[in-house]
Amino acid sequence: MNLMPFLRNTPARLLSGISTSNIRCPFSTTLIIRHLAKSYSTSGNLARAKDTQLKLPENSNKAKKISELLQKVPTIAPSFADPSEFEAFQKLKSIIESSATTPTSSLNKPTFLDFLTLADLNKKLFYYLNHVNDVNDSQWKIVLKETDLSTPTLPLLDVASSRENFEVNTVSDDYKMIYILQKAFKMIQNKVQSEKAIKSNQQSLSNKFINNPVAWFPEARMMKRKIIMHVGPTNSGKTFNALQRLKNCERDGYYAGPLRLLAREIYERFKSENTRCNFLTGEEIIQDLDDIGNPANLTSGTVEMVPLNREFECVVLDEIQMMNDSQRGWAWSNIVLGCRAKELHLCGEQTAVPIIENLVKQTGDSLEIVEYKRLGKLKCEEATVKTKNFFQKSLLKGDCLIAFSKKTIMKLKLQIEKTTTFKVAVIYGSLPPETRLQQAKLFNEGHYDVLVASDAVGMGLNLSIKRIVFTSSEKFDGEKMIPLTISNIKQIGGRAGRYKSDSDGPSVGYVAATRADILESVKEGLQAPVIPLKTMIVWPPDHIIYKMIEDIEKLDNADLVTLLTSLSESLQKSTNKLFQLTDLSNRIESIQIIQPISGLSFQDRLVLSNAPCKFHRPTVKSAFYNFCLTIAKQQTCTITNFDFLPFRLIDLKYLNNDEVGSLEVYEDLHQTLQLYSWLSNRWPNYLVGVDTAKTLRDMCELIIFYKLENLEKNPYDRFIGKPQNRARFASERPATGIKPRGGYEKRF
């Protein structure tokens with residue numbers, strides 16, 4: 001039977017689905033496709049060639065060139081060796097077209113690391129192709145030399161002449177675009193292959209064991225745990241009472257705090273009371289050893305660091321309502337599900353009670369609920385504070401003004417200090433934890449009169465605030481302005497009244513606002529009943545993910561993002577709606593950054609996907625890539641080997657030089673040093689000299705404190721100095737290299 005006339009009229013997109021298992025034909029599916037494609041090429045089938053034409057904006061200077069390059073593929077490569085290649089090629093064209101509609105105003109100028117990783121491909125591919133000249137040719141030459149263009153994924157190159165381009169000073173736009181197209185094609189093909197492998201083994205994801213987080217921790221299910229909930233509003237003594245039980249542990253005990261600074265506060269409190277205690281966070285480990293080298297029974301640390309493979313007599317888990325947080329909630333949930341503690345004390349809001357009541361019915365644990373009332377009174381002022389001459393007439397010592405952007409916080413600090421005699425402390429999320437703790441201490445001791453802060457004051461800090469003044473009832477969630485939740489308002493407003501009262505009666509805290517509409521929203525939030533949590537956020541422990549890999553065939557080189565996304569979708573389809581998988585956006589971004597790095601195992605990539613990074617900062621993003629590159633190459637480096645980091649700015653001569661050493665630059669550098677410490681604790685043989693990193697981090701904190709103390713203009717009003725000055729230390733130099741032992745090597 002001659003199949004060619006039939007196949008010649010078959011739409012190209014259906015060819016990859018042809019099976020020859022039920023027909024007598026000497027051709028395999030791949031050979032049929034190859035023969036058919038060759039026939040198209042020799043017969044000049046223009047109809048099929050039109051399939052490659054793209055619908056792109058006419059005003060784009062690169063649109064025509066992109067179309068020309070892709071139109072060469074059916075001619076140069078009359079066949080694809082694997083059906084997934086043809087499917088990937090079709091998706092590549094589709095992504096180029098769809099990404100061409102992304103508003104460029106929403107995209108930042110791409111850095112070299114963006115071209116190396118092609119992060120957020122579906123949204124930015126067309127933008128990358130149109131901005132290939134946003135990085136210099138010397139960087140392009142290095143990456144093109146390291147790319148094996150002699151065996152291209154897409155046959156777009158004249159290999160004989162390709163290497164000649166590396167000997168000249170410039171690299172043509174064609175080669176830059178070809179690199180992006182070939183890399184994008186390979187990424188898409190990996191995703192297609194992974195999806196097929198997972199789909200063909202869908203029963204593995206439908207496994208009741210994998211889809212049931214209660215079954216993830218069999219050791220905990222074998223125990224009859226006693227869960228005690230301490231619930232109530234802020235300033236009600238619930239955590240204090242749980243800690244009293246922890247102090248009396250005869251065996252191992254652990255305090256799990258939501259923030260490093262709160263874990264540090266509990267550690268120092270225990271030490272001041274002559275109670276031996278260890279300190280454990282992702283970045284720092286302090287063991288309290290006795291004379292014969294045994295560590296203390298008690299540990300104070302962050303939630304993510306609780307060892308689920310150890311048995312405890314007592315564990316105190318603070319801020320239990322965080323189990324519903326889309327990014328970090330998995331750490332709380334996994335402790336509740338898997339912590340092997342005889343007594344598990346959960347402290348937090350009443351919103352978590354129904355979900356824990358539901359959960360213990362499935363785990364078989366006992367539950368005791370202890371309710372607390374606020375120790376002092378909380379009053380919401382009836383009228384807004386006078387906005388005219390507010391700082392001179394309405395602002396009081398002990399006030400805390402709440403704002404939700406660093407720019408506004410700094411603006412308020414400068415205005416208050418300029419128009420009054422008050423000294424102002426500031427607290428916001430990107431400040432180093434130690435600096436936040438220092439600012440809080442100085443405010444509590446009266447060295448500062450007023451505090452201006454973000455919602456970072458709502459958790460983890462004991463502050464002597466008399467009155468909370470809301471300047472807004474909305475905050476930015478990364479994409480848009482959203483109203484404060486009831487929980488936000490209660491948590492922040494409840495911080496008022498935590499001060500030493502001059503009378504013998506209970507303390508009184510006040511809540512106010514600068515506008516009538518804000519005050520109305522705050523009143524409604526404070527008076528509203530608590531809304532029970534509906535789901536708990538989970539993340540499978542490593543052994544569950546490894547089980548998935550074992551069960552799914554042909555997944556050795558699977559796309560990790562596809563695997564995690566499939567798991568999330570499968571979990572959402574399960575009958576148990578109590579659980580929801582964590583938001584994968586941060587993990588996906590981490591995975592995409594390290595995607596080009598060879599030498600990292602699947603387990604390495606899983607660990608690195610949980611790195612505590614804010615990748616919107618170019619310096620931090622670049623540092624993460626280079627640190628991971630060092631791990632993959634199994635090199636031994638200290639923090640000072642990474643010479644692209646601006647350590648020269650850690651010098652007293654830059655204290656008053658905001659042109660190159662702005663507050664934001666030091667915040668980025670501090671976060672980078674924290675990241676190094678976090679990675680060093682997990683790969684101590686490659687990233688060494690953590691004490692040096694700690695010393696640099698301490699010096700960064702001193703400089704940040706000095707700059708806050710001597711602030712004369714708003715560092716977040718605009719970039720200090722010329723934009724190129726910031727780029728010099730942020731986006732232009734991210735990958736100039738490391739100096740591993742044995743010589744200097746430039747890496748990107």
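Residues numbered from 1 in each chain as written. Predicted model: local features only at pLDDT ≥ 70, side-chain atom pairs only at ≥ 80, totals over all residues. Heavy atoms only, no water.

### A look at the pattern of salt bridges
Item 1. The full count for this structure, using the stated rule, is 32 salt bridges.
Item 2. Measuring nitrogen to oxygen at the nearest pair gives 3.6 Å for the salt bridge that ties Glu283 to Arg260. With Glu283 in the loop between strand 3 (278-280) and strand 4 (285-286) and Arg260 in helix 17 (residues 260-272), this pair connects stretches of sequence that are 23 residues apart.
Item 3. Accessibility expressed as a relative area gives 10% for Arg260, which makes it buried.
Item 4. For Arg617, the salt bridge is made with Asp668, and the minimal N-O distance between the two is 3.0 Å. Here the residue Arg617 occupies a position in the loop between helix 28 (602-608) and helix 29 (618-632), and Asp668 occupies one in helix 30 (residues 663-682), the gap between them amounting to 51 residues. One exposure class covers both Arg617 and Asp668, and it is buried.
Item 5. Beyond isolated ion pairs, a larger network of salt bridges with shared partners links Lys406, Arg617, Glu664, Glu667 and Asp668. (Salt bridge = Lys/Arg side-chain N within 4 Å of Asp/Glu carboxyl O. Helix = DSSP H or I, 4+ residues; strand = E, 2+ residues; numbered from the N terminus. Buried < 20%, exposed > 50% of the residue type's maximum accessible area, 1.4 Å probe, protein only.)

### Looking at unusual backbone geometry
Item 1. In this structure, Asn235 takes a positive phi of about 60 degrees despite not being glycine.
Item 2. By secondary structure assignment, the location of Asn235 is in the loop between strand 1 (226-231) and helix 16 (238-247).
Item 3. A relative accessible area of 14% means that Asn235 is categorised as buried.
Item 4. The backbone phi angle of Asn274 is positive, close to 60 degrees, even though this residue is not glycine.

### Describing the sheet that holds strand 16 (residues 508-513)
The strands making up a sheet associate through backbone hydrogen bonding, with each pair oriented either parallel or antiparallel.
Item 1. Read from one edge of the open sheet, six strands run 9-16-13-10-12-11, paired in parallel fashion. Taken across any chain shown, the strands that pair with only one partner, and hence form the sheet edges, are strand 9 (377-380) and strand 11 (424-427). Between one strand and the next, the sheet's axes are offset by a mean angle of 20 degrees, whatever the strand orientation.
Item 2. Note: strand 9 against strand 16, four bridges, orientation parallel. By the bridge assignment for strand 16, Cys380 is matched with Val511. (Pairing = 2+ DSSP bridges. Axes fitted to C-alpha atoms, helices over the stretch in contact; angles between N-to-C directions.)

### A look at the nonpolar core
Item 1. Counting 102 residues, the largest nonpolar core has Ile180, Leu401, Phe624 and Phe627 as the members making the most contacts within it.
Item 2. Among the elements that line this core, the one with the most residues is helix 12 (residues 173-200), at eleven residues. (Core = buried A, V, L, I, M, F, W, Y, C linked by side-chain atoms within 4.5 Å.)

### Quick word on the side chain of Thr281
Item 1. In this fold, Thr281 is placed in the loop between strand 3 and strand 4.
Item 2. Non-local contacts of Thr281, meaning those with residues more than four positions away in its chain, are made with Arg260, Thr302, Met305 and Asn681. (Contact = heavy atoms within 4.5 Å.)

### Section: the environment of Ile228
Item 1. Along the polypeptide, Ile228 turns up in strand 1.
Item 2. For Ile228 and Cys347, which are 119 residues apart along the polypeptide, the C-alpha to C-alpha distance reads 8.6 Å.
Item 3. Ignoring sequence-local partners within four residues, the contact set of Ile228 consists of Glu343, Leu344, His345, Leu346, Glu368 and Val370.

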